[in-house]
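Geometric and topological summary
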Amino acid sequence: MKLGVNVPNFGPGTRPDVLRGWAETVEGLGFDLLMVSDHVVVTPDVAEQYPAPFYEPFTTLSWLAAITTRIRLGTTVLILPYRHPLLTARMAANLQQLSGGRLVLGVGVGWARQEFEALGVPYERRGALTDEHLRAIRLAWRDEADYRAGHVPIWVGGGSDAALRRAVLLGDAWHPLRFTLPWLDERLDRLSAVAESLGRPAPVFAPRILLRLTGTPVTGEGRRAGEGSLDQIMGDLERLRLLGAETVLLDPFHGDPEETNHPETAWHMLEAVAAAYTEAEQS
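Let us look at the structure shown here. (Residues numbered from 1 in each chain as written. Predicted model: local features only at pLDDT ≥ 70, side-chain atom pairs only at ≥ 80, totals over all residues. Heavy atoms only, no water.)

Of regular secondary structure, the protein chain possesses 10 helices and 11 strands. Scaling as 2.2 N^0.38, a compact globule of 283 residues should have a C-alpha radius of gyration of about 19 Å, and the protein chain matches this with 18 Å. Taking the principal axes of the C-alpha coordinates as reference, the protein chain spans close to 50 × 45 × 40 Å. Sequence separation of 24 or more characterises 73% of the internal contacts of the protein chain that already satisfy a separation of 6 or more. Here the protein chain displays about 12300 Å² of accessible surface, and carbon together with sulfur accounts for 52% of that area. The average position of the 27 basic charges and that of the 36 acidic charges among the side chains of the protein chain differ by 6 Å. (Helix = DSSP H or I, 4+ residues; strand = E, 2+ residues; numbered from the N terminus. Rg over C-alpha atoms; globule rule 2.2 N^0.38 Å. Contact = heavy atoms within 4.5 Å. Areas by Shrake-Rupley, 256 points an atom, 1.4 Å probe, with all protein chains shown as cover. Lys, Arg positive; Asp, Glu negative; His and termini not counted. Charge placed at Lys NZ, Arg CZ, Asp CG, Glu CD.)

Given below as structure tokens:
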């Protein structure tokens, strides 16, 4: 099982030198994947969670591709209805080429109603648009003489039945975000049932979990995967491995924009997990 990191590409502390530091740290610690999130317009509903400045993912990942050499690069998640599907297909295919085949395209339907309104995209059709765009992107990529995309893995985010159906029909992996393990157990069973009803194999899953390292164990039914003592986090990773996770993405952002001014706090957490995970693999 591979490990990756969700890197904040937003917030008051985010600058080119900080993004470079993130990339060098994550790759240097041996992680397999670096991902960033997506917003186009920082409307008030977006700003509550992801304040400005916001670095556009394709631009940011293209720059980071030149800084890194080994680590895969991706989106968690690109909001498909925000861009014309042929533009998305072109940018993703170009980034796949320019990075030497390192792109993972995580996609989702989006949630920020005000941002949809600012972009002139109908919020109520976001699910249908996402399905339409995925089909158009895959069709465009068949033109190898032009797009030359090769195989870009598509991870489908979301936990609803519609998202599970989308992952089965149009994705290479299901990409659930920041959850409790009981919720994941129920949704994995549901994913299998949806796949069976469609006569298709269930896709692999590649979850994004919180990373919040605490000095003492976190208790209670609401504890999310990746939250607690180092032993708890390692136990969560082992549980995800046994459930069949292909890659687990660690998300060290806890919701306070001030965190982006002190990335070294997250880097220390990542260093601890990377060391413990390497030791567990070698034992």
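Past the structure itself, the notes keep going.
Where helix 7 (residues 161-170) contacts helix 8 (residues 181-198), the two axes come as close as 9 Å, and the packing angle between them is 55°. Taken together, the axes of helix 7 and helix 8 are oblique relative to one another. The element helix 7 and its partner helix 8 pack so that their crossing is right-handed. Where helix 7 abuts helix 8, its residues Asp161, Leu164, Arg165, Val168 and Leu169 lie against Arg187, Arg190, Leu191, Val194, Ala195 and Leu198. (Axes fitted to C-alpha atoms, helices over the stretch in contact; angles between N-to-C directions. Parallel < 35°, antiparallel > 145°, perpendicular 65-115°, else oblique. Left-handed = near helix turned anticlockwise from the far one by under 90°.)

Hydrogen bonding along the main chain pairs the strands of a sheet, whether they run parallel or antiparallel. Spatial strand order, 7-6-5-4-3-2-1-11-8: nine strands in an open sheet with parallel pairing. Each end of this open sheet is capped by a strand with a single partner; those strands are strand 7 (204-205) and strand 8 (208-210). Looking at chain direction, strand 1 (residues 2-6) and strand 11 (residues 247-251) are connected through four bridges and run parallel. If you follow lysine 2 over to strand 11, its bridge partner there is threonine 247. (Pairing = 2+ DSSP bridges.)

This part is about helix 7. Burial in helix 7 covers these residues: Ala163, Leu164, Arg166, Ala167, Val168 and Leu170. Buried residues in helix 7 make contact with helix 6 (126-141), strand 5 (154-157), strand 6 (173-175) and helix 8. (Buried < 20%, exposed > 50% of the residue type's maximum accessible area, 1.4 Å probe, protein only.)

Phe31, Leu34, Leu105, Trp141, Leu237, Leu240 and Leu250 are the most contacted members of the largest nonpolar core, which has 66 residues in total. Dropping the residues within four chain positions of it, tryptophan 141 is found in contact with Ala89, Ala92, Ala93, Leu105, Tyr147, Ala149, Val152 and Ile154. Core analysis: the next-biggest nonpolar cluster, separate from the first, contains 13 residues, Val46, Tyr50, Ala112 and Leu129 among them. (Core = buried A, V, L, I, M, F, W, Y, C linked by side-chain atoms within 4.5 Å.)

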